[in-house]
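Structural characterization, general
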Amino acid sequence: MQLRPDTTRRQFLGLAGAAAMASAVPIVTVRPAEATPATLASAIRGVTGGAEVKTGKVKLDIPPLVENGNTVPMTVSVASPMAPEDHVASIHVFNEKNPQPNIGNFRLGPHAGRAQVSTRIRLADSQKIVAIAKLSDGSYWSASVDVVVTLAACTEDVI
Amino acid sequence: MASALINVPAKAKRGDIIEIKTLMSHIMETGYRHTATGEVVPRDIITSFTCRFNGTEIFRADLFPAISANPFITFFTTATQSGKFEFEWIGDKGFSETASASITVE
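A few points about the pairing of strand E4 (residues 72–78) of chain A
Residue and element names in this part refer to chain A.
- Counting buried positions over the 7 residues of E4 gives 6, a clear majority of the element.
- As paired strands, strand E2 (residues 58–61) and E4 are joined by 4 bridges and run antiparallel to one another. Of the residues in E4, the one forming a bridge with Val-58 is Val-78.
- Note: E4 against strand E7 (residues 116–121), 6 bridges, orientation antiparallel. Counted as the bridge partner of Met-74 is Thr-119 from E7.

Describing the interface of chain B and chain A
- Tallying the contact residues gives 32 residues for chain B and 29 residues for chain A.
- Of the roughly 2700 Å² buried between chain B and chain A on both sides combined, carbon and sulfur atoms contribute 50%.
- Residue Arg-107 of chain A is joined to Asp-62 of chain B by a salt bridge in which the shortest nitrogen-to-oxygen separation is 2.4 Å.
- At the boundary of chain B and chain A, one finds 19 residue pairs in polar contact (both at pLDDT 80 or more).
- Looking at the side of chain B that touches chain A residue by residue, the classes come out as 20 nonpolar, 8 polar and 4 charged.

Quick notes on the side chain of Asp-44 of chain B
- Residue position: Asp-44 of chain B is located in the loop between strand E3 (17–24) and strand E4 (46–53).
- The contacts of Asp-44 of chain B, once residues within four sequence positions are left out, are His-26, Ile-27, Met-28, Glu-29, Asp-92 and Lys-93 of chain B.

Calculation rules
- Residues numbered from 1 in each chain as written.
- Chains lettered and ligands numbered in written order.
- Predicted model: local features only at pLDDT ≥ 70, side-chain atom pairs only at ≥ 80, totals over all residues.
- Heavy atoms only, no water.
- Buried < 20%, exposed > 50% of the residue type's maximum accessible area, 1.4 Å probe, protein only.
- Helix = DSSP H or I, 4+ residues; strand = E, 2+ residues; numbered from the N terminus.
- Pairing = 2+ DSSP bridges.
- Contact = heavy atoms within 4.5 Å.
- Buried area = accessible area lost by both parts, 1.4 Å probe.
- Salt bridge = Lys/Arg side-chain N within 4 Å of Asp/Glu carboxyl O.
- Polar contact = N/O pair within 3.5 Å; in protein donor to acceptor, adjacent residues only side chain to side chain.
- Nonpolar A, V, L, I, M, F, W, Y, C, P; charged D, E, K, R; others polar.

The analysis is restricted to geometry; functional conclusions fall outside its scope.
See the structure below:
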């Protein structure tokens, strides 16, 4: 009889844990599915000319949570042998909600050695950043990261 | 006034992949900010950055207002021979700055 309450408590905790897991999973997976504003889409089309952009190869390193949108460190790297016959021709970075969709275009070549570029950017709002790499064979690869910005750039007034 | 900080290794072995870090001091005024009286502060950014090695272009970047003030750009290149890197920043209002750095390749 002593065991009974303990067992039920354990069962209850197990059930509660399972319920918590079940409810947590949808929260993680639900995100604005490709809620890309038209300006971002058209800026990307301007670079790719409507060619297919595949996901992968590109790695976009940017903090997921930034306190100050005025200087956000960003590194884009692409998995590529950087050989004359197979290299990254250019890297283009776009954003969703800044006044302008472009962040920067970086032109590399086979002698770049490593397809990696770092810089510091401004973000006006919490938004998605997209990096697209153009390879020497004409294919496009992309990666995107959602960034939460606490203090937005661009909006502060000049004193 | 405007000044550049360049970080290039002084020496490298042939075939080494070296990292080049550059920083140019510049306000990078976006053109989207307003003064207290409501006037738009005119845009003043660097629009283009180029790196040449012994005269050949090895890296080029188009910059937009989304690049932070004092644009900091790092990239990589393969050391093939001794020579000189030349950097050039071009921007609004006739902004133009150059810098250079030498490397010895063994």
